[in-house]
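Geometric and topological summary
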Amino acid sequence: MPASKTSSGHFFEDFRLGQTITHATPRTVTAGDVALYGALYGGRLAVQSSDAFAKRIGYPAAPVDDLLVFHIVFGKTVPDVSLNAVANLGYAGCRFLSPVYPGDTLTATSEIIGLKENSNRKTGIVYVRSAGFRQDGTRVLEYVRWVMVRKRDEAAPAPADHLPRLLVALEPNMLGDACPALDAAAYDVALAGSPNRWGDYAAGEKIDHVDGMTVEEAEHQIATRLYQNTARVHFNQFTEGQGRFGRRLVYGGHVISLARALSFNGLANAFHIAGINGGRHVAPLFAGNTVFAWSEVLATAELPGRRDVGALRLRTVATKDRPCGDFPLKAGDADDPAVILDLDYWVLVPR
Amino acid sequence: MPASKTSSGHFFEDFRLGQTITHATPRTVTAGDVALYGALYGGRLAVQSSDAFAKRIGYPAAPVDDLLVFHIVFGKTVPDVSLNAVANLGYAGCRFLSPVYPGDTLTATSEIIGLKENSNRKTGIVYVRSAGFRQDGTRVLEYVRWVMVRKRDEAAPAPADHLPRLLVALEPNMLGDACPALDAAAYDVALAGSPNRWGDYAAGEKIDHVDGMTVEEAEHQIATRLYQNTARVHFNQFTEGQGRFGRRLVYGGHVISLARALSFNGLANAFHIAGINGGRHVAPLFAGNTVFAWSEVLATAELPGRRDVGALRLRTVATKDRPCGDFPLKAGDADDPAVILDLDYWVLVPR
Amino acid sequence: MPASKTSSGHFFEDFRLGQTITHATPRTVTAGDVALYGALYGGRLAVQSSDAFAKRIGYPAAPVDDLLVFHIVFGKTVPDVSLNAVANLGYAGCRFLSPVYPGDTLTATSEIIGLKENSNRKTGIVYVRSAGFRQDGTRVLEYVRWVMVRKRDEAAPAPADHLPRLLVALEPNMLGDACPALDAAAYDVALAGSPNRWGDYAAGEKIDHVDGMTVEEAEHQIATRLYQNTARVHFNQFTEGQGRFGRRLVYGGHVISLARALSFNGLANAFHIAGINGGRHVAPLFAGNTVFAWSEVLATAELPGRRDVGALRLRTVATKDRPCGDFPLKAGDADDPAVILDLDYWVLVPR
């Protein structure tokens, strides 16, 4: 009888420091994916929505939304990295390195850059640097994430501990590779939906994005399958109904995309996510919840050698069933259980 | 501190007679949008469904469904015109002026053509002529709508009353600009699904479209986001749950598209909506309701100088949770609370 | 007054042996359809997902998923064949004959190859050979199905009984026409997601596909409309709520596509369905149920004259709300009411 054909994913003791994993499945991103992504979140950024607008400022065509690229690459890593994960612990150093256009095919790899067994010997933390590539080999995205992964066998010897050095935040000179040189004067703010350019934002400014979006089971399932993300907690009510929450968990990336779409109201010209410094999913989201969001400008920065665009470092916080007019946080004295996401990232805005 | 970045929309006293508003967001319509639109309503018109069929009769390719064009243009007007609307009061003079194909980019403008403060001084009626344009500046669609909009400040002085003259109905010579000259003999009625050409319909004829379609929350939300329509009543259960209906309202245009798709059974060759004379959403639709529809042929008309197609003026009535075999109406003695839509429009049918 | 425009479908006494029906609506399959199909089921086959991968092994582009082609052709036959069906009784001899790519337009015909009135004289069985065609007339798909159809009038004379001879199973020499000659060495098993090639499978091997997928009303409705399948039991809660099950039935083809997508875990290189020998929907599926699946390799076969790919004859069984680790069946002593699908088909796998 041949060996079992079904993959049960990797366990902690299966990973080796320095190991590189080639992930299935290569994926050509099409206008169909872009349309569906748009309809799932309702984004309204002019650059991603209009070929005509994108060409006028210097793109060859409307680029694929940064987060759609992220989710597709992330989805590929799930069967190899996090199928047996207990928790997704963090992200760091996520950079968008080259624009992706409909017709491009994406593949992904992950390098194991850190391993640390937990003291209970039942789990360990795996640090991976994942990267997405275009069909010509160009690196379009990279990020580090760390996850807590179960051991198959508690008694199995674990690899020696190795903790990688992680970036706390990307520096401005590490941003912008996925944004071609633009003609900022040709950027039509009326068509884009807001008069505010880079210079109109200041560090410390807080923006309530006002609107709320209720999530349905069909929506997050369709989205997560669009990314070919197979993590079972999102799809299997039979099993999850017997689990900790009694229901399916919404993919954390779905929350990020919802918050990003809501942030149009206040950040209509923040057309490109250049990098993600870090992010935490501080509480789970379920279907039926309504997502709200607010953002704070943590810093503004020029990009070395560029006069077309500037960067804003943003902290975007999303909540469930709680409007954000008073800027709630999951931290310290103001600890608010409605907060579900706390994301620290850089966006580019025309100058 | 910079000024607030979040838009709260325009209030009645913000509008000026003659003012023209350029709306965000330009949008390239793709094969992805067309596929999703099809899957949301299940339309089966051969012309929109098949490049081969469309080319055989004289189109360069399958045109984008008229109502998808309408919804995309309409969606753009929402943040500027109706974000603070109390009610969408009516439509008039909607004409489709040029066909739209996948790859075309749509933009929209609205001109304020009428203003009238209500006697309570809390609201006023705003009349706008909205238009959609292709990337080359060609006007593809125009329509008038009027909405009741809140005042920000009751004490604010209102502009002088001005009521525009509105068309009761489009004349046949105003129809057909979006339909190229066709080879009606090459129109294959077997492939199209019905033997009935223009000459087979007569004024006064009533058609029960028989089938019913149940609406789900995920469906109308995906549809309304596909149109980048941000009206909050469609998406935010947290807020709407505390409101008048206790739940999210389905976008009125979703009802129109459902009724149009249902009308295939009886009107399979009515391949093009040439214009909409007027329409009323006479009751709200909610997820879980099943939509039915029936139509009456109000008039038949030749188009001046054209032998390829003729026009039918139709009244299509949609209901919720009520089959339409006895042709219910929301009017007079037969007033039926199940009626949700009463639409008066012109379609073209091959001769 | 003109005759009724609404079609009520064909009844048993309307069919004639040898009759050929041309079905509406021709349909151009686009990248949009492909994206939506992917997001509805979450398939991860490299060949269908990536133009780059498909080209490397010898396809001109990523082909459209076989089952999407099947569902589109099947959907066209519904208004003419099964609108008045009591039950869909079986399939036989389904062969995929030519690959379909985005941009191709599909049409369908059905030939009546058998008729048999039931002894109650209220219904009869109609056997049809349906076929799908590309715009150039190439036959891309054919299959036989038989359905029990109501009579309009019990007293109507029925045609003479005629039972067609049906294939129990396709022979290996009848497979592979829709698969071009491939460079199996260029097939990258790491990218495809599994090391197992054709020679790694053996007759008798059973594979639990492990994962489960919960179905939502919006999902199966969107899918079934994507196929322009108008069978009313899938869409109309108002009517179905008063019927036998009290709710909408999920289209049987939706179950097949779910089982196919789940089978990736264990059959990642079974990239092409070459034919379907037969299939039975042994119990209905409803929204809220979670679908699981397992497969048995019934046989392995070489394709005459081909060294690039080999065939596996599979039996895939799907269940609702029941994991498949113990390989449940709807038959004999082990009769399991959770089984919903029992499908017998041939797949191709690289050698």
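Residues numbered from 1 in each chain as written. Chains lettered and ligands numbered in written order. Predicted model: local features only at pLDDT ≥ 70, side-chain atom pairs only at ≥ 80, totals over all residues. Heavy atoms only, no water.

1. Some details on the packing of aromatic side chains
In this description, an aromatic ring pair is defined by two values, namely the gap between the centres and the angle between the planes. Scanning the entire structure with this criterion turns up 42 aromatic pairs over all chains. Through pairs of rings, three or more aromatic residues link up here, namely Phe70(A), Phe74(A), Tyr91(A), Tyr143(A), Tyr227(A) and Tyr251(A). Here Lys5(B) stacks its cationic end above the ring of Tyr201(A), 4.6 Å away from the centre of that ring. (Phe/Tyr/Trp six-rings, centres within 6.5 Å; stacked < 30°, edge-to-face > 60°. Lys NZ or Arg CZ within 6 Å of the ring centre and 35° of its normal.)

2. Brief notes about the pattern of salt bridges
Under the criterion given, the structure shown has 66 salt bridges over all chains. Here Glu302(B) ties to Arg351(B) by a salt bridge, and the two come within 3.4 Å at their closest N and O atoms. Of the two residues, Glu302(B) is situated in strand S9 (residues 290–302) and Arg351(B) in the segment after strand S11 (339–350); the sequence distance between them amounts to 49 residues. Each member of the salt-bridge network shares a partner with another, and the members are Arg95(A), Arg139(A), Glu142(A) and Asp177(A). (Salt bridge = Lys/Arg side-chain N within 4 Å of Asp/Glu carboxyl O. Helix = DSSP H or I, 4+ residues; strand = E, 2+ residues; numbered from the N terminus.)

3. Here we look at the relation of the copies chain C and chain A
Relative to chain A, chain C is turned by 120 degrees and slid 0.0 Å along the rotation axis, the superposed coordinates differing by an RMSD of 0.0 Å. What the superposition gives is, in effect, a three-fold axis relating one chain to the other. When each C-alpha of chain C is compared by its distance to the rotation axis, Gly32(C) comes out closest, at 2.2 Å. The fraction of interface residues of chain C whose copies in chain A are also interface residues is only 9%, indicating that the copies meet through different surfaces. (Least-squares fit on C-alpha atoms with pLDDT ≥ 70 in both. Contact = heavy atoms within 4.5 Å.)

4. A short note on the interface of chain B and chain A
With 36 residues of chain B in contact, the opposing surface of chain A contributes 47 residues. Approximately 3000 Å² of surface area, both sides summed, lies buried where chain B meets chain A, with 60% of it carried by carbon and sulfur atoms. On the chain B side of the interface with chain A, the three residues burying the most area are Lys5(B), Arg225(B) and Phe238(B), jointly 24% of the side's total. At the junction of chain B and chain A, the tally comes to four salt bridges. The salt bridge partner of Glu216(A) is Arg248(B), with a shortest N-O separation of 2.9 Å. Connecting chain B to chain A are 19 residue pairs in polar contact (both at pLDDT 80 or more). Mapped onto the side of chain B that touches chain A, the elements with two or more residues apiece are strand S1 (20–28), helix H1 (31–41), strand S3 (105–117), helix H6 (217–226) and helix H7 (237–240) of chain B. Counted by class, the side of chain B that touches chain A contains 12 nonpolar, 17 polar and seven charged residues. (Buried area = accessible area lost by both parts, 1.4 Å probe. Polar contact = N/O pair within 3.5 Å; in protein donor to acceptor, adjacent residues only side chain to side chain. Nonpolar A, V, L, I, M, F, W, Y, C, P; charged D, E, K, R; others polar.)

5. Thoughts on helix H8 (residues 252–262) of chain C
Given 3.6 residues per turn, any residue in an α-helix points the same way as the ones three and four places further on. With respect to burial, H8(C) is a largely interior element, 11 of its 11 residues being buried. What H8(C) keeps buried is the set Gly252(C), Gly253(C), His254(C), Val255(C), Ile256(C), Ser257(C), Leu258(C), Ala259(C), Arg260(C), Ala261(C) and Leu262(C). (Buried < 20%, exposed > 50% of the residue type's maximum accessible area, 1.4 Å probe, protein only.)

6. Examining the confidence of the model for chain A
Per-residue confidence for chain A averages 95 on the pLDDT scale, and 99% of its residues sit at or above 70. Across the interfaces of the predicted complex, the ipTM metric reaches 0.96, alongside a pTM of 0.97. (pLDDT = per-residue confidence, 0-100.)

7. Regarding the pairing of strand S2 (residues 85–96) of chain C
Residue and element names in this part refer to chain C. As paired strands, S2 and strand S5 (residues 139–150) are joined by eight bridges and run antiparallel to one another. The partner of Ala85 across the bridge, within S5, is Val149. In this structure, S2 lies alongside strand S8 (residues 272–281), joined through two bridges in antiparallel fashion. Along S8, the bridge assignment pairs Cys94 with Ile276. (Pairing = 2+ DSSP bridges.)

8. So, the interface of chain C and chain A
Taken residue by residue, the interface counts 47 residues in chain C and 36 residues in chain A. When residues of chain C are sorted by the area they lose upon contact with chain A, Ala39(C), Arg44(C) and Leu191(C) head the list and together hold 19% of the total. Our count for the chain C to chain A interface comes out at four salt bridges. The closest approach of N and O atoms between Arg232(A) and Asp211(C), which form a salt bridge, is 3.7 Å. Run the count over chain C and chain A and you get 19 residue pairs in polar contact (both at pLDDT 80 or more). Tallying contributions element by element places helix H1 (residues 31–41) of chain C first for the side of chain C that touches chain A, with eight residues. Taken together, the residues that form the side of chain C that touches chain A break down as 23 nonpolar, 14 polar and 10 charged.

9. Topic: the side chain of Glu205(C)
Residue and element names in this part refer to chain C. Along the polypeptide, Glu205 turns up in the loop between helix H5 (189–192) and strand S6 (206–208). A residue is classified by how much of its surface remains accessible, and Glu205, at 3% relative accessible area, is buried. A polar contact is formed between the side chain of Glu205 and the backbone nitrogen of Ala202, at a distance of 3.1 Å.

10. Description of the relation of the copies chain B and chain A
By a simple turn and slide, chain B fits onto chain A: the slide is 0.0 Å along the axis, the RMSD is 0.0 Å, and the turn is 120 degrees. A share of only 11% of interface residues in chain B that are also interface residues in chain A marks the association as one of differing surfaces.

11. With respect to the pairing of strand S4 (residues 123–133) of chain B
All names here are of chain B. Counting buried positions over the 11 residues of S4 gives 10, a clear majority of the element. In this structure, S3 lies alongside S4, joined through 10 bridges in antiparallel fashion. What sits directly across from Thr107, in S4, is Phe133. Here S4 runs beside strand S5 (residues 139–150); their pairing, made up of 11 bridges, is antiparallel. Its bridge partner being in S5, Arg129 is matched across the sheet by Val144. Between the antiparallel neighbours S4 and S5 lie five residues, among them Gly137 with a positive phi of about 90 degrees.

12. Brief notes about the side chain of Ser98(B)
Residue and element names in this part refer to chain B. Of note, Ser98 is situated in the loop between strand S2 (85–96) and S3. Separated by 3.1 Å, the side chains of Ser98 and Arg134 make a polar contact. When near neighbours in sequence (up to four residues on either side) are disregarded, Ser98 contacts Arg134, Thr138, Arg139, Val140, Asp177 and Ala178.

13. Notes on the environment of Arg260(C)
Residue and element names in this part refer to chain C. Summarising the element assignment, Arg260 is placed in helix H8. With a relative accessible area of 10%, Arg260 lands in the buried category. In this structure, the C-alpha to C-alpha distance between Arg260 and Pro60, residues 200 residues apart in sequence, is 24 Å. Apart from the residues lying within four places of it in its own chain, the contact partners of Arg260 are Leu45, Leu67, Ala270, Phe271, His272, Ile273 and Val347.

14. Looking at the state of the cysteines
Residue and element names in this part refer to chain A. Scanning the entire structure with this criterion turns up zero disulfides over all chains. Among the cysteines around Cys94, which has no disulfide bond, Cys179 carries the closest sulfur, lying 16 Å off. Residue class for Cys94 comes out buried when judged on its relative accessible area of 1%. (Disulfide = S-S within 2.5 Å.)

15. Details of unusual backbone geometry
The omega torsion of the bond from Ala24(A) to Thr25(A) falls at 0 degrees, within 30 degrees of zero and hence cis. Looking at the element boundaries, Thr25(A) is found in strand S1 (residues 20–28). Despite not being glycine, Gln228(A) has its phi angle at roughly 55 degrees, a positive value. Tracing the backbone shows Gln228(A) in the loop between helix H6 (217–226) and helix H7 (237–240). Non-glycine residue Arg121(B) carries a positive phi angle of around 60 degrees.

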